[in-house]
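Reading the structure
Read off the chains here:
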Number of protein chains: 2
Amino acid sequence: MDSLTDADPHTQKSTVTQVRAFLAQSNLPDDGRLPPERELSTALGISRTELRKALDVLEAEGQIWRHVGKGTFMGSRPLDTFADIAALARRSNPAEVMRARIVIEPEITRAAAFTATPADISEMRLCLARSRQADSWRQYEGWDTRLHRTIAEATQNGLLLGLFDTLNAVRRAVTWGRLRALPVKPAPDHHSFREHEAIVDAIEHRDMAGAANAMRNHLRTVERKLLDKQLRAAEED
Amino acid sequence: MDSLTDADPHTQKSTVTQVRAFLAQSNLPDDGRLPPERELSTALGISRTELRKALDVLEAEGQIWRHVGKGTFMGSRPLDTFADIAALARRSNPAEVMRARIVIEPEITRAAAFTATPADISEMRLCLARSRQADSWRQYEGWDTRLHRTIAEATQNGLLLGLFDTLNAVRRAVTWGRLRALPVKPAPDHHSFREHEAIVDAIEHRDMAGAANAMRNHLRTVERKLLDKQLRAAEED
DNA sequence: ATGTAAACCAAAATCAAATTGGTGTCTGAC
DNA sequence: GTCAGACACCAATTTGATTTTGGTTTACAT
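The following paragraphs examine the structure supplied in this document. (Residues numbered from 1 in each chain as written. Chains lettered and ligands numbered in written order. Predicted model: local features only at pLDDT ≥ 70, side-chain atom pairs only at ≥ 80, totals over all residues. Heavy atoms only, no water.)

1. As for the protein's contact with DNA strand C
- The local shell around DNA strand C holds 22 residues, among which Glu-37, Arg-38, Arg-48 and Arg-52 of chain A together with Glu-50 of chain B are the closest.
- Near the protein, within 4 Å, the atoms of DNA strand C are sugar or phosphate in 63% of cases.
- At a separation of 2.8 Å, a phosphate oxygen of DNA strand C approaches a polar backbone atom of Glu-37 of chain A.
- His-67 of chain B has a polar side-chain atom sitting 3.1 Å from a phosphate oxygen of DNA strand C.
- Broken down by secondary-structure element, the contributors of at least two residues to the surface near DNA strand C are helix H2 (37-44), helix H3 (48-61), strand S2 (64-67) and strand S3 (71-74) of chain A together with helix H3 (48-61) of chain B.
- Counting residues per element, the surface near DNA strand C draws most heavily on H3 of chain B, at four residues.
- Per-class residue counts for the surface near DNA strand C are three nonpolar, eight polar and 11 charged. (Near = heavy atom within 4 Å. Polar contact = N/O pair within 3.5 Å; in protein donor to acceptor, adjacent residues only side chain to side chain. Helix = DSSP H or I, 4+ residues; strand = E, 2+ residues; numbered from the N terminus. Nonpolar A, V, L, I, M, F, W, Y, C, P; charged D, E, K, R; others polar.)

Below, the structure written as structure tokens:
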């Protein structure tokens, strides 16, 4: 099969097909990585230079992809994706962020009601207490943020937590600078206090539907306040 | 100033203030990291136990935050905005991804049922048809992915779409290379065909609850198949 | 009882060594 | 002269051992 006498111009082509055959028959590991060039060249009985030429062809065809220090792999190069927070924030707006929160966070809360540990719940309680004691909006916001994140942590699901963090990062980027300290601190009867407590209570009672509803209710209130504020600001203009 | 004779019950309080004073005067590095506990305790001439108690107080106050292996830092804990897909994927696994999908995607579908345009719906129908005609699992997967993304697009919410893309990128990174062509192509009675159609039907009828349920039902089936596959693989070992 | 010191643990950072694809250089054969 | 092959070198990456660090337990002393 393999011609030892390939000094003819078909050399390139034959090495390519030879490599193709090897890849077809050899069962590669799950990640589709094939042996390093030095190894593969001796295994196929060809020089590394020639092997690399064949691999160049296969890479141009999109059959394989290579990366220094990593290796050569079958298939197409995995897109190195960074969820670009800044880009998302630029294309978004406060209303959209609120809508997304209303879609996502209640379900995260529902999941948290199922998986939260006592430690999670006591941390939520701590956040509640601290947010009540806060003597500035800045502090209050810190504890509010931490409460919501603790709920996401309580899902015990790193991916959900990551998605929540992304959502939150966009929220902060969009809302940035919008709220400044108008009143000195939240009033003791601020709606969020009651609503936050309802959420944590439901989580503690493992009431998944109740937790989701409480969170949805809370976010709807926040959304309403946000729209009111925008209206008022528009009227002042 | 510092009392060397604090055997009184005020010991705790004084150590806290002592540490506070240290933090106030010492110019910390840019990242706000303060010396390791062992070092700081000897520098302040107090035991590590006592120092840690003081740090506990400061942490509860939100003045500092700590992390094993990293150190203790001033300010509030930076939400690790690791929108880094690769990092998320490394810390995750197929089961966790499925759980996250079941939490997120049904609600996105519910929102889509409210906002989808006729153009969105006809594109969904196109994906359905193409996926039926696919003659390889690879092709089928392509249309399946596109259908799910079209649903996310139909929410008309760029942020939700971005979150979906992030979730999807992690899914692909985690599942990568795990599924390979056992049968040549999906059977005509593959469960996904019926389930996908139920989802699109519900969206077309503006049936928000039905759409969410159909999506949840679909993903639960996928999860079950995934777990079955893992079980079978485990038995073979 | 209370507090201290020491030991131990697991998470994370750190550092050195080995891998690996990419690139240039020199030699020898034709 | 041309070109393939062997070799050396480079930079990115992985791997593994070691160190550092906050958290926890244990033994001991006062």
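2. Some thoughts on the environment of Gly-32 of chain B
All names here are of chain B.
- Secondary-structure assignment places Gly-32 in the loop between helix H1 (11-25) and strand S1 (33-34).
- Judged by relative accessible area, which is 10%, Gly-32 ranks as buried.
- Considering only alpha carbons, one finds Gly-32 and Ile-64, 32 residues apart in sequence, at a separation of 9.3 Å.
- Apart from residues no more than four positions distant in its own chain, Gly-32 is found in contact with Thr-72, Phe-73 and Met-74. (Buried < 20%, exposed > 50% of the residue type's maximum accessible area, 1.4 Å probe, protein only. Contact = heavy atoms within 4.5 Å.)

3. Description of the packing of helix H6 (residues 118-133) of chain A against helix H7 (residues 137-153) of chain A
Residues and elements named next belong to chain A.
- Here H6 crosses H7 at 165°, and the two axes come no closer than 9 Å. By the angle between their directions, the pair H6 and H7 is classed as roughly antiparallel. When the axes of H6 and H7 are compared, the crossing they make is left-handed. Counted together, Asp-120, Glu-123, Met-124, Cys-127, Leu-128, Arg-130 and Ser-131 of H6 and Tyr-140, Trp-143, Arg-146, Leu-147, Thr-150 and Ile-151 of H7 form the full contact between these two elements.
- In the contact of H6 with H7, the residues fall into seven nonpolar, two polar and four charged. (Axes fitted to C-alpha atoms, helices over the stretch in contact; angles between N-to-C directions. Parallel < 35°, antiparallel > 145°, perpendicular 65-115°, else oblique. Left-handed = near helix turned anticlockwise from the far one by under 90°.)

4. Some remarks on the pairing of strand S2 (residues 64-67) of chain B
All names here are of chain B.
- Here S2 runs beside strand S3 (residues 71-74); their pairing, made up of four bridges, is antiparallel. Residue pairing across strands places Arg-66 opposite Thr-72, the latter belonging to S3.
- The loop that links S2 with its antiparallel partner S3 comprises three residues; one of these, Gly-69, has a positive phi angle of about 80°. (Pairing = 2+ DSSP bridges.)

5. Details of empty space enclosed by the protein
Residues and elements named next belong to chain A.
- Under the counting rule described, the total for this entry stands at two cavities of 30 Å³ or more.
- One number sums up the size of the largest cavity: a volume of about 40 Å³.
- Every residue along the wall of the largest cavity is listed here: Arg-101, Glu-105, Asp-144, Thr-145, His-148, Phe-164, Asn-168 and Arg-171.
- At the level of secondary structure, the elements contributing two or more residues to the lining of the largest cavity comprise helix H5 (94-115), H7 and helix H8 (158-175).
- When grouped by side-chain class, the residues that make up the lining of the largest cavity number one nonpolar, three polar and four charged.
- Considered class by class, the residues forming the lining of the second largest cavity number one nonpolar, three polar and three charged. (1 Å grid on protein atoms, 1.4 Å probe; cavity = no way out; pocket = protein on both sides within 12 Å on 5 of 7 lines; lining within 4 Å. Points joined across faces, edges and corners; volume = space filled by probe spheres on them.)

6. Quick word on the side chain of Glu-107 of chain B
- Position of Glu-107 of chain B relative to the elements: it lies in helix H5 (residues 94-115).
- In this structure, Glu-107 of chain B is in contact with Val-103, Glu-107 and Arg-216 of chain A together with Arg-216 of chain B, ignoring residues within four places of it in sequence.

7. Some thoughts on the protein's contact with DNA strand D
- Taken together, 20 residues surround DNA strand D, and among them Ser-47 and His-67 of chain A together with Arg-38, Arg-48 and Arg-52 of chain B come closest.
- Here, DNA strand D places atoms within 4 Å of the protein, and 66% of those atoms are sugar or phosphate.
- In the model, a base oxygen of DNA strand D is placed 2.9 Å from a nitrogen or oxygen of the Arg-38 of chain B side chain.
- At a separation of 2.7 Å, a base nitrogen of DNA strand D approaches a polar side-chain atom of Arg-48 of chain B.
- Contributions of two or more residues to the surface near DNA strand D are made by H3 of chain A together with helix H2 (37-44), H3, S2 and S3 of chain B.

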